[in-house]
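Per-entry structural report
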Amino acid sequence: MPAVDKLLLEEALQDSPQTRSLLSVFEEDAGTLTEYTNQLLQAMQRVYGAQNEMCLATQQLSKQLLAYEKQHFALGKGDEEVISTLHYFSKVVDELNVLHSELAKQLADTMILPIIQFREKDLTEVSTLKDLFGLASTEHDVSMAKYSRLPKRKENEKHKAEVAKEVANARRKQHLSSLQYYCALNALQYRKRVAMMEPMLGYTRGQINFFKKGAEMFSKRLDSFLTSVSDMVQSIQGELDAEAEKMRISQQDLISVNESVYTPDSDVTSPAINRNLIQKAGYLNLRNKTGLVTTTWERLYFFTQGGNLMCQPRGAVAGGLIQDLDNCSVMAVDCEDRRYCFQITTPTGKTGITLQAESRKEYEEWICAINNISRQIYLTDNPEAAAIKLNQTALQAVTPITSFAKKHEAHHSSQNVKNTDNGKTTPSESAGIQDSTQLIALGTPIQFDIVLPATEFLDQNRGGRRANPFGESEDGSKDEQEDSLLQQMFVVRFLGSMAVQSDNTSEVIYEAMRQVLAARAIHNIFRMTESHLMVTSKNLRLIDTQTQVTRASFELATVTQFAAHQDNKRLIGFVVHLRETPGEESMSAYVFESNTEGEKICYAISLGKEIAEAQKDPEALAQLMKSVPFTNDGKFVLLNDQSEEDGATREGEESEA
């Protein structure tokens, strides 16, 4: 017999949309079989009860036997022999029609009973298991939704354990019901063939045994055919028994797995995380806004395909595009007191989607996979090797630390915040591209928390004056008046800073960007603090977005290098060169991510330096004021507007800052 399509029991626990889609095909096949079986049984009952109308009954039965071929079973593979056999039986019924007379007892025992047993036992079992599987799936979805809403507070550990146990029980119940349901559907493909041929085998034998004339006319011709049909039925039954035993053993093996398979987030402390993934698939919770302040979460199946993030709901034949991952950024976020949430941001800085994983392992692997895909590693000849090499190279290149207290700091009289390393200062290098070891010493620590929280900064600096985000003067101080020509605000997020050995080339900034981003990816540092970067002709100030308190300030004269990333234009960095005491110098590179192009920030810094230099000479300042256009409020325009629409867009971005 040809091979029979089967549902893989190993995929029952994953319960992916692909498996659900295949399951719907089997369910459709079972529904079609149920309808056909009912029709076939009605025809057989008509033969049983219509002794005086046997000719009409046998004609109807012959038609129903031929109709099996036209049922268009979704899983019709391997039914060719069944169809050909039923065709031959139809011919026999037509020939016996004129001689046929029903023997009620024989027909009831050999024809009606097997098909009724098949319908009431096998088809009813499939229908019952389908209902149980649906209830178990619903219970599992409810428990997963309850588990997803668990807060991160430690005082609820007992409640979390109870919910996790409830999820495990629901998942185990769903797994067991799905295994039983899959086994019944697989077995139905064999029993379907037996149920279709066995009644007709009994019917034909009864007719031949009952009618002597029929036996004399057809016995020699049908003996070999009936024997072959009987052998085929026994062969199918043998295959069914063997397959049932294999499924029983496989079912026992799958049920006897470790408890961690059912329990989400079973290994919270040290999960085995693969950071070299270039493709990923699994269930995530998607955050949807339903109003101005209300949101809903939907559990969907997500998978990556090339540089795209796809989403496939249950029952869908294929997935749909939900996010382009090329050059995007991903970071962890706090969202509605839920755990394991992360957000994908588009290359233009627009917030994309917010997702929630069910465990720490899934959470970190999704972030690493999206980071790898956003770098377009999947386009290389060997993506897996490229991802491994990238992560290994980054791990060897950096040894980051995350504590601000572990680095040397000193406060300048203008509240400058700077980072220094204990190593000696390297001499100036010649112009041109230098080796990375000449730019940044191996093993240089990286600082990720230069920006203090706003509340902590207020406690340390009580009485400090707030900085106005719109550049308006709060008092008539001389410093504010001097800076009135240039006050540009940008929204930035601090990525990291580190000591450098040279400030003669912008390559030191690119190298610092590479090491900071690599260190963040390797050590799972995804959170970033958003601030306002105020560029004036005297200094660069980082201002808290909520309190408008100046967190850090750098004198513009100490900024010796500044540049935007060559590929990712939203990355901006600058080098601060400080002379602490005679003979002692320190140079530190600071890396930020902005909502606008980094070139605009570089232009603003360059313009600030020109203004600072021109202020020393009134004639030069006047010449500069003539060459650079002004805004309506008497301040310098950063970039020449290409069109009125572009100008309105940039003005809107600065207003948001």
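Residues numbered from 1 in each chain as written. Predicted model: local features only at pLDDT ≥ 70, side-chain atom pairs only at ≥ 80, totals over all residues. Heavy atoms only, no water.

Section: the overall build of the protein chain
To be explicit about the condition: For helices the rule is a DSSP run of H or I covering at least 4 residues; for strands it is a run of E covering at least 2, with both sets numbered from the N terminus onward. Under the scheme applied here, a residue whose accessible area is under 20% of the maximum for its type counts as buried, over 50% as exposed, and between as partly exposed, the area being computed with a 1.4 Å probe on protein chains only. Here a residue-residue contact requires only that any non-hydrogen atoms of the pair lie within 4.5 Å. Shrake-Rupley sampling with a 1.4 Å probe provides the accessible areas, and residues are treated as covered by the protein chains on show and by no other component.
Each helix and strand in the protein chain was counted, giving 15 helices and 15 strands. Relative to its 657 residues, the protein chain shows a buried fraction of 49%. Partitioning the intrachain contacts of the protein chain with sequence separation of at least 6 by distance along the chain shows that 69% fall at a separation of at least 24. When the accessible surface of the protein chain is totalled, it reaches about 32300 Å², and 50% of it is carbon and sulfur.

Remarks on the pairing of strand β2 (residues 295-305)
Condition: Criterion used throughout: strands pair if DSSP finds at least two bridges between them.
For strand β1 (residues 281-289) and β2, the ladder comprises nine bridges, and the chain directions are antiparallel. The residue of β2 that forms the bridge with Gly282 is Phe302. The hairpin formed by β1 and β2 contains five residues between the paired strands. Between the end of β2 and the start of strand β3 (residues 308-312), which pair antiparallel, lie two residues, with Gly306 showing a positive phi angle near 65 degrees.

Things to note about unusual backbone geometry
Excluding glycine, residues mostly have negative phi values, and the peptide bonds linking residues are mostly trans. Phi at Gln376 is positive, roughly 60 degrees, even though this residue is not glycine. The topology assignment puts Gln376 in the loop between α7 (360-374) and α8 (383-397). Despite not being glycine, Gln548 has its phi angle at roughly 60 degrees, a positive value. Within the element layout of this structure, Gln548 appears in the loop between β11 (539-544) and β12 (550-555).

What to know about the packing of aromatic side chains
Note the threshold: Ring pairs shown here join Phe, Tyr and Trp side chains whose ring centres sit within 6.5 Å, with only the six-membered ring taken for Trp; geometry is labelled stacked below 30 degrees between planes, edge-to-face above 60, and tilted in between. Think of it as a cone above the ring: NZ of Lys or CZ of Arg counts as a charge over the ring if it is within 6 Å of the ring centre and within 35 degrees of the ring normal.
Evaluated as defined, the whole model comprises 14 aromatic pairs. Where Tyr301 meets Phe303, the ring centres are 6.4 Å apart and the plane angle is 40 degrees; that geometry is what we call tilted. Residue Tyr301 shares its accessibility class with Phe303, and that shared class is buried. Put simply, the rings of Phe494, Phe554, Phe574, Tyr590 and Phe592 pair up and form one aromatic cluster. A cation sits over an aromatic face here: Arg172 above Tyr262, 5.3 Å from the ring centre. Its guanidinium or amino end placed over the ring of Tyr283, Arg299 lies 4.3 Å from that ring's centre, counting from NZ or CZ.

Some words on the packing of helix α3 (residues 80-96) against helix α5 (residues 157-210)
Using the following cut-off: Lines fitted to C-alpha atoms define the axes here, with helix axes fitted over just the stretch in contact, and angles between the N-to-C directions of these axes take values from 0 to 180 degrees. Orientation labels follow simple angle bins: below 35 degrees gives roughly parallel, above 145 gives roughly antiparallel, 65 to 115 gives roughly perpendicular, and whatever is left gives oblique. Crossings are assigned a handedness: left-handed for a near helix turned anticlockwise from the far helix by less than a right angle, right-handed for a clockwise turn. Charged means Asp, Glu, Lys or Arg here, nonpolar means Ala, Val, Leu, Ile, Met, Phe, Trp, Tyr, Cys or Pro, and polar covers whatever is left, Gly included.
Where α3 contacts α5, the two axes come as close as 11 Å, and the packing angle between them is 25 degrees. By the angle between their directions, the pair α3 and α5 is classed as roughly parallel. Between α3 and α5 the crossing geometry is left-handed. Contacts between α3 and α5 pair Val82, Thr85, Leu86, Phe89, Val93 and Leu96 from the former with Arg193, Met196, Met197, Met200, Tyr203, Thr204 and Gln207 from the latter. Taken together, the residues that form the contact of α3 with α5 break down as nine nonpolar, three polar and one charged.

Notes on the packing of helix α4 (residues 104-148) against α5
The interhelical angle for the contact between α4 and α5, taken along N-to-C directions, is 165 degrees, at an axis separation of 7 Å. The pairing of α4 with α5 is recorded here as roughly antiparallel in orientation. Seen from above, α4 lies across α5 with left-handed handedness.

With respect to the sheet that holds strand β7 (residues 351-356)
Hydrogen bonding along the main chain pairs the strands of a sheet, whether they run parallel or antiparallel. Pairing in this open sheet of seven strands is antiparallel, and the strands run β4-β3-β2-β1-β7-β6-β5 from one edge to the other. On the outer flanks of this sheet lie β4 (320-324) and β5 (329-332), each paired with one strand and no other. For this sheet the average axis-to-axis angle between neighbouring strands, irrespective of direction, equals 40 degrees. As paired strands, β3 and β4 are joined by four bridges and run antiparallel to one another. Residue Asn308 lies in a different strand from β4, and its bridge partner there is Asp324.

Examining the side chain of Ser143
Mapped onto the secondary structure, Ser143 falls in helix α4. For Ser143, a relative accessible area of 2% corresponds to the buried category.

Some points on the pattern of salt bridges
For the record, the criterion: We count a salt bridge whenever a side-chain nitrogen from Lys or Arg sits within 4 Å of a carboxyl oxygen from Asp or Glu.
One pass over the full model with this rule turns up 22 salt bridges. Between Arg171 and Glu358 there is a salt bridge, with the nearest N and O atoms lying 3.7 Å from each other. Here Glu358 lies in the loop between β7 and α7 and Arg171 lies in helix α5, a separation of 187 residues in the sequence. Put simply, Asp15, Arg20, Asp141 and Arg314 are held in one network by salt bridges that share partners.

Re the side chain of Lys160
By the secondary structure assignment, Lys160 is in helix α5. Overall, Lys160 belongs to the buried group, its relative accessible area being 10%.

Examining the environment of Glu599
Locating Glu599 in the fold gives a position in helix α13 (residues 598-614). Sequence separation between Glu599 and Lys569 is 30 residues, and the spatial gap between their C-alpha atoms is 7.2 Å. Apart from the residues within four sequence positions on either side, Glu599 is in contact with Ala564 and Lys569.

Focus: helix α2 (residues 54-67)
Using the following cut-off: What a helix should span is 1.5 Å times the count of its residues minus one.
The end-to-end C-alpha separation of α2 is 20 Å, in line with the 20 Å expected for 14 residues at 1.5 Å each. When we look at burial in α2, the residues that qualify are Met54, Ala57, Thr58, Leu61, Ser62, Gln64, Leu65 and Ala67. Next to the buried residues of α2 lie α1 (17-49), α3 and α5.

Considering the confidence of the model for the protein chain
Heads up, the rule is: The predictor rates its confidence in each residue with pLDDT, a number between 0 and 100.
Chain-level pLDDT for the protein chain is 77 on average; 78% of the residues reach the 70-or-more range. Across residues 639-657, where pLDDT falls below 50, the model places 19 contacts with residues more than four positions away in sequence or in other chains.

Some remarks on empty space enclosed by the protein
Unoccupied space between atoms shows up once a probe the size of one water molecule is rolled over them. Using the following cut-off: The pocket and cavity definitions rest on a 1 Å grid over protein atoms only: a 1.4 Å probe that fits but cannot leave marks a cavity, an open set with protein on both sides within 12 Å along at least five of seven lines marks a pocket, and residues lining either have an atom within 4 Å of a point. Grid points are joined across faces, edges and corners, and a volume is the space filled by probe spheres set on the points.
As enumerated under the stated definition, the model contains five cavities of 30 Å³ or more in all. Roughly 100 Å³ of internal volume is contained in the largest cavity. Only α4 and β1 provide two or more residues apiece to the lining of the largest cavity. Its residues assigned to classes, the lining of the largest cavity comprises seven nonpolar, three polar and three charged.

A few points about the environment of Asn539
The criterion, for reference: Think of a polar contact as two N or O atoms within 3.5 Å of one another; within protein, one of them needs to be a possible hydrogen donor and the other a possible acceptor, and neighboring residues in sequence only count if both atoms come from side chains.
The topology assignment puts Asn539 in strand β11. Given a relative accessible area of 14%, Asn539 falls into the buried group. Discounting residues that sit within four places of it in the chain, Asn539 has contacts with Met534, Ser553, Phe554, Glu555 and Leu556. A polar atom in the side chain of Asn539 sits 3.4 Å from the side chain of Arg541.

Points about the pairing of strand β9 (residues 487-499)
Side-chain direction in a regular strand flips from residue to residue, so the side chains alternate between the two faces of the sheet. With 13 of its 13 residues buried, β9 lies for the most part within the structure. In this structure, strand β8 (residues 446-447) lies alongside β9, joined through two bridges in antiparallel fashion. Paired with Ile446 across the two strands is Met498, which belongs to β9. Here β9 runs beside strand β10 (residues 529-536); their pairing, made up of eight bridges, is antiparallel. From the neighbouring strand, Met489 faces β10, where its bridge partner is Met534. In this sheet, strand β15 (residues 584-594) lies alongside β9 in antiparallel orientation, the contact comprising seven bridges.

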